[in-house]
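Coordinate analysis (summary)
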Amino acid sequence: MNLNVTLDPILLRSFIAVADTGSFTRAGESTHLTQSTVSQQVRKLEAQFGCELLHRKGRYVTPTLEGERVLNYARSILQMMNEAVAQTSVSAEQQKICLGVPEDFATHAIMPTLAAFSNEYPGIRLEVRSGLCSDIWREFQGGDMDLALVKQRESSAPGLASWPEPLCWIDSLHSNNLSCDPVPLVTFPIGGLYRSEMAHTFDRLGRSWRLAYVSTSLSGVCCAVEAGFGISLLPRRLVTPEHRILNEQDGLPAVPNLELTLHAQDKLSTHSKMLAEQLISACNEICKQ
């Protein structure tokens, strides 16, 4: 047998039909093919294997020894193909909800809410994307997300609900990076709201600055500040005992608060609306802490 031959499921189906009915005629009836077509398909399959798969002498057609071996594989092959089609159809029919969230909310903050929703509605395919708010907002505006939780300047774009996000300057508890020239900054890549505000503030103050640590990871930024790499601007709720808050007495102006806003597409499914309600409840609890 040529090992590069690809087995045709149509030929396998005809072979199984003959083996099960014991007749080419009855096999043709069960597969809605003519007797001659079924016979030709079995012959083609035998040519691929290089041996006879059926005993054709006698009242009933029966598998040969090689035919019995092929019959078991044929049944398994067709069963797996049917399962693949069935599973793919179920997945395609499954409703998908795409949600975008900032990294600091994609971790411990709302993860219990998302996990509970997925467990309660296993038929819903929840897809969560986290990253920079500018990237999330762009995808949402492009229609690639049903719901988007983003940080934005206050009242810049109305959404389903909004919560204040107070910001503060932080340094390491054991460092005084504000006395350095240039001032080392720990920040996110280009596009992050905190980074823009930091750069504009030091430019207005006439202070030179440099990028000491840049990361897309919120935990990376927080740890870098704790280690003394530089100063950063972050939500007040993310301050740790290893951080020191800087204020006007240190020479840094207060920064206007951002707001966390939940945005939704105009037409939402029932389950998307339910998820939005649960997110609003979760954010109410988080933001009042």
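If you're wondering where the values come from, they're calculated on a predicted model, not measured in any experiment.

The rules behind these values
- Residues numbered from 1 in each chain as written.
- Predicted model: local features only at pLDDT ≥ 70, side-chain atom pairs only at ≥ 80, totals over all residues.
- Heavy atoms only, no water.
- Helix = DSSP H or I, 4+ residues; strand = E, 2+ residues; numbered from the N terminus.
- Rg over C-alpha atoms; globule rule 2.2 N^0.38 Å.
- Buried < 20%, exposed > 50% of the residue type's maximum accessible area, 1.4 Å probe, protein only.
- Contact = heavy atoms within 4.5 Å.
- Areas by Shrake-Rupley, 256 points an atom, 1.4 Å probe, with all protein chains shown as cover.
- Lys, Arg positive; Asp, Glu negative; His and termini not counted.
- Charge placed at Lys NZ, Arg CZ, Asp CG, Glu CD.
- Disulfide = S-S within 2.5 Å.
- Pairing = 2+ DSSP bridges.
- Axes fitted to C-alpha atoms, helices over the stretch in contact; angles between N-to-C directions.
- Core = buried A, V, L, I, M, F, W, Y, C linked by side-chain atoms within 4.5 Å.

As a further point, take the overall build of the chain. Secondary structure summary: the chain contains 10 helices and 12 strands in total. At 32 Å, the chain has a C-alpha radius of gyration far larger than the 19 Å of a compact globule built from 289 residues. If you line up the chain on its principal axes, its C-alpha atoms span 105 × 40 × 30 Å. When the 289 residues of the chain are sorted by exposure, 40% land in the buried category. In the chain, of all internal contacts separated by at least 6 residues, the share reaching a separation of at least 24 is 75%. A total accessible area of about 15700 Å² is found for the chain, and carbon and sulfur atoms account for 52% of it. Of the charged side chains in the chain, 25 are positive and 31 negative, and the gap between their average positions amounts to 8 Å.

What follows is about the state of the cysteines. Enumeration over the complete set of coordinates arrives at zero disulfides. Here Cys168 stays free of any disulfide, with the sulfur of Cys222 as its closest cysteine sulfur at 10 Å. In this structure Cys222 is not part of a disulfide, and its nearest cysteine sulfur, from Cys223, lies 6.9 Å away.

Reading across the sheet, the three strands line up as S10-S7-S11 and stay open at both edges, with antiparallel pairing between neighbours. Taken across any chain shown, the strands that pair with only one partner, and hence form the sheet edges, are strand S10 (232-235) and strand S11 (243-246). Taking each pair of neighbouring strands and ignoring which way they run, the sheet shows an average axis angle of 50 degrees. Pairing between strand S7 (residues 167-172) and S11: four bridges, direction antiparallel. When the sheet's bridge partners are listed, Trp169 is paired in S11 with Leu246. Along the sheet face, helix H9 (residues 218-226) touches S7, S10 and S11 and points at about 125 degrees away from the line of S10.

Formed by 26 residues in total, the largest nonpolar core has its most connected members in Trp169, Phe188, Phe202, Ile231 and Leu234. At five residues, the largest contribution of residues to this core is made by H9. Setting aside anything within four residues of it in sequence, one finds Leu234 in contact with Pro166, Leu167, Cys168, Ile170, Phe188, Tyr194, Leu218, Val221 and Cys222.

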